Amino acid sequence: MTILNHITLEALPRLPIAEIVALPAGELARLQREADDALRKAKFTVTWLDSALTQKYADRARQARAEGEKDNGTVRFEDDGVTVVADLPKKVEWDQRDLADLVERIKAEGEDPRDYVEVSLKVSERKYGSWPTHIRSLFEPARTVRAGKETFELLVEQEGV
């Protein structure tokens, strides 16, 4: 009877890639499942802890911002010898239709809107695929297709299924 030594997730980062590549597919599948499970658990733990920190410190952070006459940004305060850094980032959103109208007004006044705004044009790939050929051919010189990051999922067939 042979006893297999399974590689642990903790040991995996210490192994040379060549040794990992040489592992049987079943072992790689097990490691992938364990890593995915560990990641899910870690994300849940971070979310749970963040919820507790928010519950504990949100009011004090809000008070510190009010005292500093700030609506957002970073504030610091002490809790039992520990410095708490609370960051509430500013999230600015611009109405795209209003911006488009403003760009047209700036153009009409003879100025270059690029001096004031960044303009980004996008084409939906789904819409592009449904366009008539003569329209698509106009856009093709401006289109570049690159491959994304390839991923692999290892599925082990269940015995008796």
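Further up the page is the structure itself.
Rules behind the numbers
Residues numbered from 1 in each chain as written. Predicted model: local features only at pLDDT ≥ 70, side-chain atom pairs only at ≥ 80, totals over all residues. Heavy atoms only, no water. Core = buried A, V, L, I, M, F, W, Y, C linked by side-chain atoms within 4.5 Å. Buried < 20%, exposed > 50% of the residue type's maximum accessible area, 1.4 Å probe, protein only. Helix = DSSP H or I, 4+ residues; strand = E, 2+ residues; numbered from the N terminus. Contact = heavy atoms within 4.5 Å. Patch = residues over 30% accessible without salt bridge, like charges linked within 9 Å, V, L, I, M, F, W, Y side chains within 5 Å. Areas by Shrake-Rupley, 256 points an atom, 1.4 Å probe, with all protein chains shown as cover. Salt bridge = Lys/Arg side-chain N within 4 Å of Asp/Glu carboxyl O. Polar contact = N/O pair within 3.5 Å; in protein donor to acceptor, adjacent residues only side chain to side chain. Lys, Arg positive; Asp, Glu negative; His and termini not counted. Pairing = 2+ DSSP bridges. Phe/Tyr/Trp six-rings, centres within 6.5 Å; stacked < 30°, edge-to-face > 60°.

J.: Account for the nonpolar core, with residues named and values stated.
T.: Formed by Tyr-57, Ala-61, Ala-64, Val-75, Phe-77, Val-84 and Ala-86, the largest nonpolar core amounts to 7 residues. At the level of secondary structure, the elements contributing two or more residues to this core comprise helix H2 (25–67), strand S1 (73–79) and strand S2 (82–88). Beyond its immediate sequence surroundings of up to four residues, Ala-86 is in contact with Ala-61, Arg-65, Gly-73, Thr-74, Val-75 and Phe-77. Membership of the second largest hydrophobic core comes to 5 residues, among which are Ile-7, Ala-11, Leu-23 and Leu-31.

J.: Account for a nonpolar patch on the surface, with residues named and values stated.
T.: A cluster of nonpolar side chains, namely Val-123, Leu-138 and Phe-139, defines an oily patch on the protein surface of about 290 Å² accessible area. Position of Val-123 relative to the elements: it lies in the loop between helix H3 (96–108) and helix H4 (125–130).

J.: Now, about unusual backbone geometry: what can you tell me, with residues and values included?
T.: We note that Glu-69 has phi near 50°; this positive angle belongs to a residue other than glycine. Within the secondary structure, Glu-69 sits in the loop between H2 and S1. Note on Glu-69: relative accessible area 75%, which makes it exposed. A positive phi angle is found at Asp-80, which is not glycine, with a value near 55°. By the secondary structure assignment, Asp-80 is in the loop between S1 and S2.

J.: So what's going on with the side chain of Glu-27? Residues and values would help.
T.: Within the fold, Glu-27 resides in helix H2. A distance of 3.2 Å separates a polar atom in the side chain of Glu-27 from the backbone nitrogen of Ile-7.

J.: Any chance you could break down the pattern of salt bridges for me, citing the residues and the numbers?
T.: In this structure the tally under the stated criterion is 10 salt bridges. In this structure, Asp-37 engages Arg-40 in a salt bridge whose closest nitrogen and oxygen atoms are separated by 3.7 Å. With Asp-37 and Arg-40 both in helix H2 and 3 residues apart, this pair spans about one turn of that helix. Judged by its relative accessible area of 29%, Asp-37 is partly exposed. Salt bridges sharing partners connect three or more residues here, namely Glu-27, Arg-30 and Glu-34.

J.: Before we move on, could you go through the side chain of Arg-65 and cite the residues and values that matter?
T.: Inspection of the secondary structure puts Arg-65 in helix H2. As a buried residue without a salt bridge, Arg-65 has its nearest oppositely charged side chain in Asp-87, at a separation of 5.7 Å. Within the structure, the side chain of Arg-65 is placed 3.2 Å from the backbone oxygen of Gly-73, a separation counted as a polar contact. In contact with Arg-65, other than residues within four places in its own chain, are Lys-70, Asp-71, Asn-72, Gly-73, Val-75, Ala-86, Asp-87 and Leu-88.

J.: I'd like a rundown of the pairing of S1, residues and numbers included.
T.: Bridge analysis of S1 against S2 gives 7 bridges, and the strand direction is antiparallel. Among the inter-strand pairings, Gly-73 is bridged to a residue of S2, identified as Leu-88. Between S1 and S2, which pair antiparallel and follow one another directly, the connecting turn spans 2 residues, one of which, Asp-80, has a positive phi of 55°.

J.: Please provide a residue-by-residue account of the packing of aromatic side chains, values included.
T.: Scanning the model with the defined rule gives 4 aromatic pairs in all. Pairing Phe-44 with Trp-48 gives two aromatic rings, centres 5.7 Å apart and planes at 20°, and the pair type is stacked. In this pair, Phe-44 and Trp-48 are both assigned in helix H2, 4 residues apart and thus about one turn of the helix distant. Judged by centre distance (5.8 Å) and plane angle (55°), the ring pair of Tyr-57 and Phe-77 falls under tilted. Remark: Phe-77 occurs in strand S1 and Tyr-57 occurs in helix H2; sequence separation between them is 20 residues. The class of Tyr-57 is buried, set by a relative accessible area of 14%. Here the aromatic residues Tyr-128, Trp-131 and Phe-139 are joined through ring pairs into a cluster of three or more.

Function cannot be read off these values alone, since they describe shape.
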